[in-house]
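Spelled out from the first residue to the last, the chains are:
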Amino acid sequence: MNKNKKLNTIILLAALVVVIIGAKLLYDNLQGKVQANNLVAQNSNSESSQNENSGSTGDEASKEDLTKAPDITFEDYDGNTIKLSELINKPTVINFWASWCGPCTSEMPHFEEVYKEYKDEINFIMLNMTDGARETKEKAKKFIDGGKYTFPVYYDTKQNGAMTYGIVALPTTLFLDKDGYMVAVGQSALDKETLMKGIDMIYNKEQNELDEGVSAENTANVDEGVKNPSWCTVEPEYIRLSVDEAKNIFSEVDGTKDYYILDVRTQDEYDTEHAENSILIPDYEIREKVESSIPDKKSIVFVYCRGGNRSKTASQIMVDMGYNHVYDIGGLKEAGEVFKMVQ
């Protein structure tokens with residue numbers, strides 16, 4: 001009897017070991033598959049994996065097959081409320097994360113690397129799941145500062161984002177096209193290759209550069225007011241200036257007319273180098289802050305950023321708000337040729 005019990009015990013232990021080993025192998029296998037196929041296109045064939053959709057972009061996909069991203073509100077570190085709709089002016093990546101989440105922290109270096117390359121062309125919204133207990137703004141900021149990350153970080157303090165988008169696992173990454181349609185969703189940690197596949201689905205860099213060149217060429221000389229400004233009220237219109245045109249207007253208004261130089265970069269970029277007497281208002285804060293800094297909408301405003309895309313966005317927003325002498329002069333290089341730069 002004792003021998004039978006011992007034999008049964010040995011058999012059970014052996015079976016348990018086999019089950020554990022099998023489960024571990026199955027887990028590793030499934031985990032590899034999940035990590036390799038965790039980017040899902042949001043179209044009529046939403047079950048398709050990234051590999052089947054990596055060649056499509058948000059612009060190519062039919063809008064009828066896509067869902068407009070619902071608006072949400074969140075906060076910056078200082079508690080200022082921000083609406084997603086105010087940032088949707090170009091392709092957007094929203095990453096839901098927390099500092100206690102291992103997979104979240106593992107993908108942060110990839111986001112930082114891609115952000116540095118595309119920050120002028122794509123909105124990055126790193127949305128922290130701030131519940132006030134397990135995750136606080138202070139804990140999140142400590143992690144961000146420790147990693148020396150420079151991408152924009154926001155805080156979902158009221159869980160508006162998580163509830164609106166039904167976020168049940170972290171990290172989750174949403175890829176929106178320039179019109180705010182959801183093109184793809186990434187679940188679990190993304191490696192750089194997968195992150196770039198999501199970027200490619202919402203942004204075509206070569207086409208954007210071509211469009212920018214055509215836009216600049218078409219808008220640089222939209223009327224004679226570009227070279228010889230009329231200081232009366234005119235119909236608001238977006239105007240992109242060449243360096244020479246910016247020099248001509250600036251030489252005419254400097255010291256004789258009310259004008260503003262608006263820097264729409266980040267604080268760190270501004271601290272490195274900026275135009276003398278310029279006003280700093282990041283592009284995503286234009287709607288909230290520009291009227292307090294530039295109350296007269298007839299004022300002459302020169303707008304610049306680092307590469308030229310943020311200045312275009314900010315200028316167009318100001319035109320929509322009724323400012324009628326807004327001149328986009330492009331990037332930092334162009335600004336340096338027009339204004340005196342200080343460090």
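Refer to the preceding data block for the structure.
What counts, and at which threshold
- Position labels on residues start from 1 in each chain and follow its written sequence.
- Note on the predicted model: pLDDT of at least 70 is required for a residue's local features to be given, and 80 or more for side-chain atom pairs to be given and counted; whole-chain, interface and lining totals, by contrast, use all residues.
- Side-chain numbers come from the whole structure's heavy atoms, not from hydrogens or water.
- Helix numbers and strand numbers start at the N terminus; a helix is a DSSP run of H or I with at least 4 residues, a strand a run of E with at least 2.
- Three exposure classes are used, based on accessible area relative to the maximum for each residue type with a 1.4 Å probe and protein chains only: buried under 20%, partly exposed in between, and exposed over 50%.
- Surface accessibility in these figures is a Shrake-Rupley result with a 1.4 Å probe; residues are shielded only by whichever protein chains are displayed.
- Only buried residues count toward a nonpolar core, which is a set of Ala, Val, Leu, Ile, Met, Phe, Trp, Tyr and Cys residues joined through side-chain atoms within 4.5 Å.
- Of the grid points, spaced at 1 Å and generated over the protein atoms alone, those admitting a 1.4 Å probe that cannot get out make up cavities, while open sets with protein on both sides within 12 Å along at least five of seven lines make up pockets; any residue with an atom within 4 Å of a point is treated as lining.
- Grid points are joined across faces, edges and corners, and a volume is the space filled by probe spheres set on the points.
- In this count, Pro and Cys sit with the nonpolar residues alongside Ala, Val, Leu, Ile, Met, Phe, Trp and Tyr, while Asp, Glu, Lys and Arg are called charged and the others, Gly among them, polar.
- Polar contacts, as counted here, are pairs of nitrogen or oxygen atoms within 3.5 Å of one another; within protein the pair requires one atom able to donate a hydrogen and one able to accept it, and residues that are adjacent in sequence qualify only if both atoms are side-chain atoms.
- In what follows, residue pairs with any heavy atoms lying within 4.5 Å of each other are defined as contacts.
- What makes a salt bridge here is a side-chain nitrogen of Lys or Arg within 4 Å of a carboxyl oxygen of Asp or Glu, nothing more.
- Two strands form a pair only when DSSP identifies at least two bridges running between them.
- All axes are obtained by fitting lines to C-alpha atoms, using only the stretch in contact for helices, and the reported angles, taken between N-to-C directions, cover 0 to 180 degrees.
- Under this scheme an angle from 65 to 115 degrees is roughly perpendicular, one under 35 degrees roughly parallel, and one over 145 degrees roughly antiparallel; angles in between are oblique.
- By definition, any crossing whose near helix is turned counterclockwise from its far helix by less than a right angle is left-handed, and any crossing with a clockwise turn is right-handed.
- The aromatic pairing rule takes the rings of Phe, Tyr and Trp, using the six-membered ring of Trp, and pairs them if the centres are within 6.5 Å, calling planes under 30 degrees apart stacked, those over 60 edge-to-face and the rest tilted.
- Only when the NZ atom of a Lys or the CZ atom of an Arg is both within 6 Å of the ring centre and within 35 degrees of the ring normal do we say a charge sits over the ring.

Draft legend 1. View of the overall build of the protein. Summing up its helical and strand segments, the protein has twelve helices and 16 strands in all. When each of the 343 residues of the protein is scored for burial, the buried share is 45%. Just so you have it, the protein exposes about 17400 Å², and 50% of that area is on carbon and sulfur atoms.

Draft legend 2. Geometry of the nonpolar core. Ranked by internal contacts, the top residues of the largest apolar core, which has 32 residues, are Phe124, Phe151, Phe175 and Ile199. Elements supplying a minimum of two residues to this core: strand S1 (39-41), strand S5 (92-97), helix H3 (102-118), strand S6 (123-128), helix H4 (137-147), strand S7 (153-155), strand S9 (181-187) and helix H6 (192-202). In terms of residue count, H3 provides more of this core than any other element does, six residues in total.

Draft legend 3. Focus on empty space enclosed by the protein. As enumerated under the stated definition, the model contains one cavity of 30 Å³ or more in all. Approximately 170 Å³ is the volume found for the largest cavity. Lining of the largest cavity is provided by 17 residues; of these, Lys119, Asn123, Pro152, Asp283 and Tyr284 occupy positions nearest its centre. Sorting elements by how many residues they give to the lining of the largest cavity places S6 first, with three residues. When its residues are assigned to classes, the lining of the largest cavity shows ten nonpolar, two polar and five charged.

Draft legend 4. A look at the side chain of arginine 310. Looking at where arginine 310 falls in the secondary structure, it is placed in helix H11 (residues 309-320). In terms of polar contacts, arginine 310 uses its side chain to reach the side chain of glutamate 269, at 3.1 Å. Not counting residues within four places of it along the chain, the set of residues in contact with arginine 310 comprises Lys90, Asp120, Val264, Arg265, Thr266, Glu269, Asp283 and Cys305.

Draft legend 5. Quick look at the pattern of salt bridges. All chains considered together, the criterion is met by 16 salt bridges. Note that lysine 116 and glutamate 112 form a salt bridge whose closest N and O atoms lie 3.7 Å from each other. Taken together, the residues span about one helical turn, with lysine 116 and glutamate 112 both in helix H3 at a distance of four residues. For glutamate 112, a relative accessible area of 7% puts it in the buried group. Between glutamate 291 and lysine 297 there is a salt bridge whose closest N-O contact spans 3.1 Å. You can call lysine 297 partly exposed: its relative accessible area is 26%. Via salt bridges that share partners, Lys119, Asp120, Glu269, Arg306 and Arg310 belong to a single interconnected network.

Draft legend 6. Focus on the pairing of S5. Summarising burial for S5: six of the six residues are buried, a large majority. Side chains of S5 alternate between two faces, with Thr92, Ile94 and Phe96 and Val93, Asn95 and Trp97 buried alike. Sheet topology places S5 next to strand S8 (residues 172-176); five bridges connect them, and they run antiparallel. Pairing of asparagine 95 across the sheet is with threonine 173, part of S8.

Draft legend 7. Quick peek at the packing of helix H10 (residues 286-293) against H11. Look at H10 against H11: their axes get within 11 Å of each other, and the N-to-C directions meet at 65°. Of the possible angle classes, the one that applies to H10 and H11 is roughly perpendicular. Here H10 and H11 pass one another in a crossing that is right-handed. Across the interface between the two elements, Ile286, Arg287 and Val290 from H10 touch Ala314, Ile317, Met318 and Asp320 from H11. Of the residues assigned to the contact of H10 with H11, the class counts are five nonpolar, no polar and two charged.

Draft legend 8. Highlighting the packing of aromatic side chains. Within this structure, the stated rule accounts for 15 aromatic pairs. Ring geometry for tyrosine 149 versus phenylalanine 151: centroids 5.2 Å apart, planes at 10°, classification stacked. Considered together, tyrosine 149 and phenylalanine 151 belong to a single accessibility category, that of buried residues. A centroid spacing of 6.3 Å and a plane angle of 75° characterise the contact between tyrosine 259 and phenylalanine 302, whose relative ring orientation is edge-to-face. With a gap of 43 residues between them, tyrosine 259 in strand S11 (residues 259-263) and phenylalanine 302 in strand S14 (residues 300-304) connect regions that are remote in the sequence. Among the aromatic residues, ring-to-ring pairing joins Phe250, Tyr259, Phe302, Tyr327 and Phe339 into one connected group. Taking NZ or CZ as reference, arginine 134 lies 3.7 Å from the ring centre of tryptophan 100, over its face. The ring centre of tyrosine 77 lies 5.7 Å from the NZ or CZ of lysine 141, which sits over that ring.

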